[in-house]
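Next come the chains, spelled out residue by residue.
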Amino acid sequence: MATEIAKAAERVAKLRAQADKLSGPLAHAQAQLEAAQEAEAARRAEREAEYNRELSHSWRDRAEEAAHSGDDAHTRFVEALSAEPWFAAYVEYRAARYRRMHVTAAQRAQTALGEPVTVPEQRWYDAQILDEIQRAVEKQAAALGAQFAEELEKAREDRISGRD
């Protein structure tokens, strides 16, 4: 039994010596890792500060660019839309609505003359096509806006992470 204890004690001593022998390099490696992580965090913080300074100083240019970024697309849209036969038909349909508004002029004339108003009330027709187009446009525009935001965030992260 004493030999088993002696053997176990000897084994513990050997393992402790090995652990002591390896703990120095391990501690050194851990210290190097921590130093490298701290240095990278400092570089990242500096890149972030630089990015923020540049963004802060250039926001007006970016805002101006963003404000006019859709001008050409809008012009192309109106040109393309105006060339569509269905759009021309829709314009005629809407023009009829504005022509019907002149019915109210006849109502006013009869009222001004003291005559009984025989002109029927104007009937307004809502056109759902615009709402449907607007919903489709907004959905696609929101997706493009989200994509733009993701690209900006990726560019920011790449810059801060030093991947640019």
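So, how was this worked out
- Residues numbered from 1 in each chain as written.
- Predicted model: local features only at pLDDT ≥ 70, side-chain atom pairs only at ≥ 80, totals over all residues.
- Heavy atoms only, no water.
- Phe/Tyr/Trp six-rings, centres within 6.5 Å; stacked < 30°, edge-to-face > 60°.
- Buried < 20%, exposed > 50% of the residue type's maximum accessible area, 1.4 Å probe, protein only.
- Helix = DSSP H or I, 4+ residues; strand = E, 2+ residues; numbered from the N terminus.
- Expected span 1.5 Å × (residues − 1).
- Arc of directions from axis to C-beta.
- Contact = heavy atoms within 4.5 Å.
- 1 Å grid on protein atoms, 1.4 Å probe; cavity = no way out; pocket = protein on both sides within 12 Å on 5 of 7 lines; lining within 4 Å.
- Points joined across faces, edges and corners; volume = space filled by probe spheres on them.
- pLDDT = per-residue confidence, 0-100.
- Salt bridge = Lys/Arg side-chain N within 4 Å of Asp/Glu carboxyl O.
- Patch = residues over 30% accessible without salt bridge, like charges linked within 9 Å, V, L, I, M, F, W, Y side chains within 5 Å.
- Areas by Shrake-Rupley, 256 points an atom, 1.4 Å probe, with all protein chains shown as cover.

### Looking at the packing of aromatic side chains
- Tallying each qualifying case throughout the model produces two aromatic pairs.
- Judged by centre distance (6.1 Å) and plane angle (85 degrees), the rings of Trp86 and Phe87 are edge-to-face.
- Owing to a relative accessible area of 22%, Phe87 belongs among the partly exposed residues under this scheme.
- Here Tyr90 and Tyr93 contribute two aromatic rings whose centre-to-centre distance is 5.9 Å and whose plane-to-plane angle is 40 degrees, an arrangement assigned as tilted. Of this pair, Tyr90 and Tyr93 both sit in helix H3 (residues 85-100), separated by three residues, roughly a single helical turn.
- The class for Tyr93 is partly exposed, based on a relative accessible area of 35%.

### Details of H3
- In this model, H3 (16 residues) spans 23 Å end to end at C-alpha, consistent with the 22 Å of a helix rising 1.5 Å per residue.
- All of the buried residues in H3 are Tyr90, Arg94, Ala96 and Arg97. Each buried residue of H3 lies within a common arc of 145 degrees when the element is viewed along its axis, so the set occupies one face. The exposed residues of H3 that point more than 90 degrees off its buried face are Pro85, Glu92 and Arg99.
- If you follow the buried residues of H3, they end up packed against helix H5 (128-161).

### Describing the layout of surface pockets
- For the largest pocket, the calculated volume is near 340 Å³.
- Along its surface, the largest pocket is lined by Tyr51, Leu55, Arg62, Glu65, Ala66, Ser69, Ala141, Leu144, Gly145, Phe148 and Leu152.
- Those elements giving two or more residues to the lining of the largest pocket turn out to be helix H1 (2-68) and H5.
- Within this model, the second largest pocket holds a volume of roughly 160 Å³.
- Lining the second largest pocket are Phe77, Leu81, Trp86, Phe87, Tyr90, Ile129, Leu130 and Ile133.

### With respect to the confidence of the model for the protein chain
- Across the protein chain, pLDDT averages 85, with 96% of residues at or above 70.
- Confidence, read as mean pLDDT per element, is least for H3 in the protein chain (83) and greatest for helix H2 (residues 71-82) (90).

### A look at the pattern of salt bridges
- Within this structure, the stated rule accounts for eleven salt bridges.
- The closest approach of N and O atoms between Glu10 and Lys14, which form a salt bridge, is 3.7 Å. You can see Glu10 and its partner Lys14 sitting in helix H1, four residues apart, about one turn around the helix.
- Residue classification places Glu10 among the partly exposed positions, given a relative accessible area of 48%.
- Glu54 is the salt-bridge partner of Arg159, the closest N and O atoms lying 2.8 Å from each other. Residue Arg159 is located in helix H5, and its partner Glu54 is located in helix H1; the two are separated by 105 residues in the primary sequence.
- Taking relative accessible area as the criterion, Arg159 reaches 19% and is therefore assigned buried.
- Linked through salt bridges whose partners overlap, the residues forming this network are Glu40, Arg43 and Arg47.

### A closer look at a nonpolar patch on the surface
- Together, Trp86, Ile129, Leu130, Ile133 and Val137 give the surface a local cluster of nonpolar side chains, amounting to about 410 Å² of exposed area.
- If one sorts the elements of the nonpolar patch by residue count, H5 sits on top with four residues.
- The topology assignment puts Leu130 in helix H5.
- By relative accessible area, which is 42% here, Leu130 ends up partly exposed.

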